[in-house]
Structure formats: C-alpha cells, structure tokens
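A closer look at the structure
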Amino acid sequence: MAQSEEALIDRFLDGIWLGDGLAQNTIDSYRRDLLIWAGWLQNERQKTLWQADRDDVQAFLARQARDLKAASLARRMASLRKFYRYWIAQEMLSLDPCAQLVSPKRVRPLPKSLSENRIEALLDAPNLEEAAGVRDRAMLELMYATGLRVTELVTLPIAQVYLRERYLHVTNGKGGKQRLVPLGEVAADWVARYVREARPLLLNSPSQACLFVNQRGEAMTRQGCWFIIKQYASQAGIAPELLSPHVLRHAFATHLLNHGADLRVVQTLLGHSDITTTQIYTQIAAERLKTLHQEHHPRG
C-alpha cells in the first residue's frame, strides 16, 4: 500500500480523535478496517481511496460478508462511512461512495444479568473478618449501586468519592468523558467502612490515589477485580456462564428498569452517549414482565 494512503487514514484518525474524543480501541478498529479497505481497493480495483465509487464499496462489502458476522460487517461499513463523511466535511471530496448503502441488520445479544437474590448472595460472600473482605464487599456494593465499568471502578480516585454528599465524579471508561453518579446509602456506608477500617491496613503508600487497592497496597487492576468477582460468584453458587466483567453493571441497569426507572435516567447513570445502547436492557425487563404475567395472571 502506498504511504500516502496510510497517511490519509492517519490524518482522518487524528481528526476524529480530536473532534470526538474516541477511545483508543475504537480508533484502532477504524484504522484496521480502513487499511483492509485500502488494500482491497489497490489489489482488486487498482484504485486509491479517493477514486473509490459506490460499486467498489458494494463489491468490497459483498466479499467481506463471506467471512464476517453481521456485527463485524456493520462495523466495517461504519468505518468506511465515517472516513468519507469526514473528508466531505473537510471539503476534500464531493461525492460519498458510501451514500445510500444499507447496513446489514445487527442482532445484539442480550447482556447477561443476575436475579436480585443471586446478587444478594454475591454481596454476602466476602469474609468481613478480613481487611480484603471488607474491601471486596465495598467494591461489589459500589459496582452494583452505580453500574460502573470495571475500568472506571479500579481507576476511581479516592478524591473523587464524595461520601457525605453521596456521589462519585467518574471518568468514563470509554473516551474519557466525565459524569456525576449518585451513590446509595448502603453502598456509601460500605465504602466509608472500607476507607476507615480496611484501606489503611492494605496501603503501602499514603500517596496512593486510587480508592481500591490490592493485597500489595497498589491500585487494583481490571484482572484482579475480575478474579475477585469470579471467586465470590463461585462461593455464591453462581454458574460461570452467567458471569462477565460487566455482570454487575448489567444487573444494575436491569434492576433499575424492573423497578420502574426511566430509560433516560439509566442512560445517564451508565454514561451511554446513545440511547440505543441502553435500550438493549429494555428487552431483559420485557422478558421479566412476561414471566411475571405468566406466573401470576389467571390468563397467563
């Protein structure tokens, strides 16, 4: 591939990174998709990115559809669309080769969740006679009470936890945006107990900024947090297939909706920029309503 093609892609990525504040994983996905597209154009059509037309895009996507699932194909199409729309907005192009293309339907799997009884069993699993157990109870309570992503939890500075006012100042785990998250009384009490009783015993440096620390007194890692959750899930009798790093986040959203929360409120609490991302949880809530109807209605 010509260096000018790679340079064009990199200029595009720099532009959207500055303008949209996208996460690095998203930027990497765009780059990978566009390099595949540029390579196909060069090898199959002997064209540059500037020379592509609608027929080229359709042929490329048809070829990609043989090997990709619908979700991956839709993402690849989205990468091409964003690339050409960016350069049209920059007045470097006048015609969009992706115009009027229809994206393949993406079937989104329902996120895994847990019943409220299973969540209670999970929260009760830590041994409160140990400092690590108090930490873990506070960590689990905080995740379930706020819907934080694992990355947001382990990078949360203690200075951004306002226990008296009962809210958190959270930096989004996807893209670095910030939001305020309310903190319930139960979770606030557990975090306060951890900070008061257990955190000083675990710390190896008073300057440690992160709220949660591991057994060495260092900032908790994503992997460490996930390992802890898996251990307690096993103790609580929760099947491994019901678990994911997002399990408490999904339970938080689903249980809020089951108890009547507004979808827009859940969107704000989760830090979703697009309401369609949050709407996946309404399917779980709807399934719960169907089950309750079948169990309790005389005509169910």
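Residue numbering note: each chain is counted from 1, following its sequence as written. At least 70 in pLDDT is required for a residue's local features to be given in this predicted model, at least 80 for side-chain atom pairs to be given and counted, and no such filter applies to totals for whole chains, interfaces and linings, which use all residues. Remark: hydrogens and water are excluded; side-chain values derive from all non-hydrogen atoms of the structure.

Re the overall build of the protein chain
We apply this condition: To qualify as a helix, a DSSP run of H or I must reach at least 4 residues; to qualify as a strand, a run of E must reach at least 2; elements of each kind are numbered from the N terminus. The cut-offs for exposure are 20% and 50% of the maximum accessible area for each residue type, with area from a 1.4 Å probe on protein chains only; residues under the lower value are buried, those over the upper are exposed, and the others partly exposed. Only heavy atoms matter for contacts: two residues are in contact if any of them lie within 4.5 Å across the pair. Using a 1.4 Å probe, accessible areas were evaluated by the Shrake-Rupley method; residue-level cover was limited to the displayed protein chains.
What the protein chain contains, in helices and strands, is 13 helices and 3 strands. Here the protein chain holds 300 residues, and 41% of them are scored as buried. Look at the contacts in the protein chain between residues 6 or more apart in sequence, and 57% of them connect residues 24 or more apart. Only carbon and sulfur atoms are counted for the fraction: they give 50% of the accessible area of the protein chain, which is about 16,500 Å².

Considerations on the sheet that holds strand β1 (residues 161–162)
Sheet strands line up and pair through hydrogen bonds in the backbone, either parallel or antiparallel. Going by this rule: By the convention used here, strands pair only if DSSP detects at least 2 bridges between them.
As summarised here, the arrangement of the 3 strands in space is β1-β2-β3, forming an open sheet in which the pairing is antiparallel. Each edge of the open sheet is held by one strand with a lone partner, namely β1 and β3 (178–182).

Concerning the side chain of glutamate 5
This is how the line gets drawn: Neither His nor the chain ends is counted toward charge; the positive residues are Lys and Arg and the negative residues Asp and Glu. Each reported salt bridge corresponds to a side-chain nitrogen of Lys or Arg within 4 Å of a carboxyl oxygen of Asp or Glu.
If you trace the backbone, glutamate 5 turns up in helix α1 (residues 3–20). The buried charged residue glutamate 5 lacks any salt bridge, with arginine 11 as its nearest oppositely charged partner at 9.8 Å. Other than its neighbours up to four places away in sequence, glutamate 5 contacts Thr48 and Leu49.

Here's the deal with the pairing of β3
Of the two faces of β3, the one holding Arg179 and Val181 is buried and the one holding Gln178, Leu180 and Pro182 is not buried anywhere. For strand β2 (residues 167–171) and β3, the ladder comprises 5 bridges, and the chain directions are antiparallel. In the strand pairing of β3, tyrosine 167 is matched with proline 182.

Digging into the pattern of salt bridges
For the coordinates displayed, the defined rule picks out 17 salt bridges. Close ionic contact of arginine 76 with aspartate 33 constitutes a salt bridge, the shortest N to O distance being 3.1 Å. Remark: aspartate 33 occurs in helix α2 (residues 24–45) and arginine 76 occurs in helix α4 (residues 70–89); sequence separation between them is 43 residues. Assigned by exposure class, arginine 76 and aspartate 33 land together as buried.

Observations concerning the confidence of the model for the protein chain
Rule in force here: Confidence of the prediction at every residue is given by pLDDT, a number between 0 and 100.
Overall, the predicted model of the protein chain reaches an average pLDDT of 81, with 78% of residues at or above 70. Ranking the helices and strands of the protein chain by mean pLDDT puts helix α8 (residues 185–202) first, with 95, and helix α12 (residues 275–278) last, with 48.

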